[in-house]
Amino acid sequence: MNVTLIGMGSGQPENLTLQGLAALRQADLILGARRLLAVLPAGCTENRAAAYRPDEVAELLQTSGAENAVLVYSGDTGFYSGASSMMEKLEALGVRARVLPGLSSIQLLAAALGRPWQGWNLVSAHGRTCDPVAECMQGRPTFFLTGGSEDPATLCAQLAAEGFGDVQGVVGQCLGAPEEKLFRGSVKELAAGRFNSLSVLLVEAAEVLPRRAPGLPDEAFERGDVPMTKQEVRAAVLAKLAVRPEDILWDVGAGTGSVSVELALAAPRGRVYAVECRPEGCALIKANREKFRTRNLVLVEGLAPAALSDLPAPDAVFIGGSKGSLAAIVDAALDKNPDARICVSAIALESLSAAVAALTAKGRTVQVSQIAVSRAKAVGGLHLMMAQNPIYLITGE
């Protein structure tokens, strides 16, 4: 048996490649979604079945007796297509198949707009977990393949709620078909629209800060009278936590939010939960979130550990303040994720001892680093080095 997987683009016969058209006309069995089977070009066999799930397709192929079977897919076989799982199934059965690509929805939208697409951030929100806020923080246009519970309007509503309402976007509907339409507007305007199921979304590049090494200057932050973790210590904290782009992070006792901002910039595809109980601290966290446009930073107003109960499991946790509940905070983090990476900052030796005890009680190997920051200060025409109290960073692995 010969099996061919074909990308049909928009489904219109004129969008097929000549190779795909020839394979369809030579086939004695054609399988695929009902919508695609209904628009096959002239000259194709009537032996067709609406099937696209790997198991049911495999069963039909084995019982059909067909010599030349074709499976048709919308869009391109290599762009979030069911063709990949079908290939795995066929290989497991020992069936050799060839793949003929088609026009993807991203190609059709870019062509309709007269623009290149190689610099876009490509995301599928069709039956997949998608965080549109994190995706739109990449500093480039973001293309969303939509479907199921997520359509362009629901995605735009999420973005507008997080401060992206004025960013421009475009919805492409029925691309490549005679009824093709483009809807342009702000994200807020598109959130109020209604679009059919054959739609995709492009959100233009939002303004973001350029990526840089951790350790932003202290004066870059809104500070007030709330104590703030210094630049050198922030840089060390991120190094100790080994922050990854997609991490879920907790900053407990977040103060001004300076560490939270640094974490959010280091994890653009993740989420940072800044936990703070003081009203003045919460106000500063909000101000710094806006200043640095870290839409993936979530303020949690409350006292830990109680405020941690509804948070998702963290990949890494920074504890900058505990209000005497350090052991309970460590327990709360490790109960959610026993493998969470933890870093605690301490100034007093009592806090250092409490952190070591809390981590060793959980079977962690503890490492203590002392950081002493000295800065020059003008005094009577001279610049003297003024040393601050040392900071201890306690990590447990």
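None of these values were measured; they are calculated from a predicted model.

1. Looking at the overall build of the protein chain
So, step 1. Looking only at helices and strands, the protein chain features 13 helices and 19 strands.
So, step 2. The C-alpha atoms of the protein chain give 27 Å as radius of gyration, which overshoots the globular expectation for 397 residues (21 Å, by more than 25%).
So, step 3. Structurally, the protein chain occupies a C-alpha span of about 90 × 45 × 35 Å along its principal axes.
So, step 4. Here the protein chain holds 397 residues, and 48% of them are scored as buried.
So, step 5. Taking the intrachain contacts of the protein chain between residues at least 6 apart in sequence as the baseline, contacts between residues at least 24 apart amount to 65%.
So, step 6. Surface accessibility of the protein chain: about 18,800 Å² in total, with carbon and sulfur atoms responsible for 51%.
So, step 7. Averaging the locations of the 37 positively and 41 negatively charged side chains of the protein chain gives two centres separated by 3 Å.

2. Quick notes on the sheet that holds strand 14 (residues 316-319)
Strands pair in a sheet through their backbones, by hydrogen bonds, and they do so in one of two ways: parallel or antiparallel.
So, step 1. The seven strands lie next to each other as 13-12-11-14-15-19-16, forming an open sheet whose pairing is mixed. At either margin of the open sheet sits one strand with a lone partner, and together these are strand 13 (297-301) and strand 16 (366-371). Direction aside, neighbouring strands of the sheet carry axes that sit 15° apart on average.
So, step 2. Pairing geometry for strand 15 (residues 341-346) and strand 19 (residues 391-396), over five bridges, is antiparallel. If you follow Ser345 over to strand 19, its bridge partner there is Leu393.
So, step 3. The strands that helix 13 (residues 349-360) touches are strand 15, strand 16 and strand 19; relative to strand 19, the one it contacts most, it runs at about 5°.

3. Points about the layout of surface pockets
A probe as big as a water molecule, rolled over the atoms, marks out the empty space that is left.
So, step 1. What the largest pocket holds in volume is close to 1,000 Å³.
So, step 2. In this structure, the largest pocket is lined by 41 residues; those nearest its centre are Arg35, Ser74, Gly75, His126 and Leu198.
So, step 3. Elements supplying a minimum of two residues to the lining of the largest pocket: helix 2 (34-37), strand 4 (68-73), helix 5 (105-113) and strand 10 (199-203).
So, step 4. Per-class residue counts for the lining of the largest pocket are 17 nonpolar, 19 polar and five charged.
So, step 5. Two domains each donate at least three residues to the lining of the largest pocket, and these are domain 1 (2-103) and domain 2 (106-203).
So, step 6. Taken as a whole, the second largest pocket encloses approximately 850 Å³ of empty space.
So, step 7. Along its surface, the second largest pocket is lined by 37 residues, and Pro227, Gly253, Gly320, Gly321 and Ser345 are the ones closest to its centre.
So, step 8. Within the residue set of the lining of the second largest pocket, elements represented by two or more residues are strand 11 (248-252), helix 10 (258-266), strand 12 (271-276), strand 14 and strand 15.
So, step 9. Broken down by element, the lining of the second largest pocket gets its largest block of residues, three residues, from strand 15.

4. Some thoughts on the packing of aromatic side chains
So, step 1. Under the defined criterion, the tally for this structure stands at four aromatic pairs.
So, step 2. On the basis of an interplanar angle of 65° and a centroid distance of 5.3 Å, the ring pair of Phe183 and Phe195 is categorised as edge-to-face. With Phe183 in strand 9 (residues 181-186) and Phe195 in the loop between helix 8 (187-191) and strand 10, this pair connects stretches of sequence that are 12 residues apart.
So, step 3. Given a relative accessible area of 14%, Phe195 falls into the buried group.
So, step 4. Members of the aromatic cluster, joined through ring pairs, are Phe79, Tyr80 and Phe143.

5. Considerations on the side chain of Asn337
So, step 1. If you trace the backbone, Asn337 turns up in the loop between helix 12 (326-336) and strand 15.
So, step 2. Judged by its relative accessible area of 16%, Asn337 falls in the buried class.
So, step 3. Ignoring any residue separated from it by four or fewer positions in sequence, one finds Asn337 in contact with Ala313, Pro314 and Asp315.

6. What about the sheet that holds strand 2 (residues 29-32)?
So, step 1. Pairing is parallel in the open sheet, where five strands are placed in the order 3-2-4-1-5. Across the chains shown, the open sheet's two edge strands, defined by having one partner strand only, are strand 3 (48-50) and strand 5 (97-100). Across this sheet, the average inter-strand angle for adjacent strands is 20°, counted without regard to direction.
So, step 2. Of the strand pairs in this sheet, strand 2 and strand 4 are connected by four bridges, and their pairing is parallel. Residue pairing for strand 4: Gly32 is matched across the bridge by Val72.
So, step 3. Across the sheet, helix 4 (residues 83-92) lies against strand 1 (2-7), strand 4 and strand 5, angled at about 170° from strand 1, the strand it touches most.

What counts and how
Residues numbered from 1 in each chain as written. Predicted model: local features only at pLDDT ≥ 70, side-chain atom pairs only at ≥ 80, totals over all residues. Heavy atoms only, no water. Helix = DSSP H or I, 4+ residues; strand = E, 2+ residues; numbered from the N terminus. Rg over C-alpha atoms; globule rule 2.2 N^0.38 Å. Buried < 20%, exposed > 50% of the residue type's maximum accessible area, 1.4 Å probe, protein only. Contact = heavy atoms within 4.5 Å. Areas by Shrake-Rupley, 256 points an atom, 1.4 Å probe, with all protein chains shown as cover. Lys, Arg positive; Asp, Glu negative; His and termini not counted. Charge placed at Lys NZ, Arg CZ, Asp CG, Glu CD. Pairing = 2+ DSSP bridges. Axes fitted to C-alpha atoms, helices over the stretch in contact; angles between N-to-C directions. 1 Å grid on protein atoms, 1.4 Å probe; cavity = no way out; pocket = protein on both sides within 12 Å on 5 of 7 lines; lining within 4 Å. Points joined across faces, edges and corners; volume = space filled by probe spheres on them. Nonpolar A, V, L, I, M, F, W, Y, C, P; charged D, E, K, R; others polar. Domains from an automatic or database assignment. Phe/Tyr/Trp six-rings, centres within 6.5 Å; stacked < 30°, edge-to-face > 60°.

That's the geometry; what it means functionally is another story.
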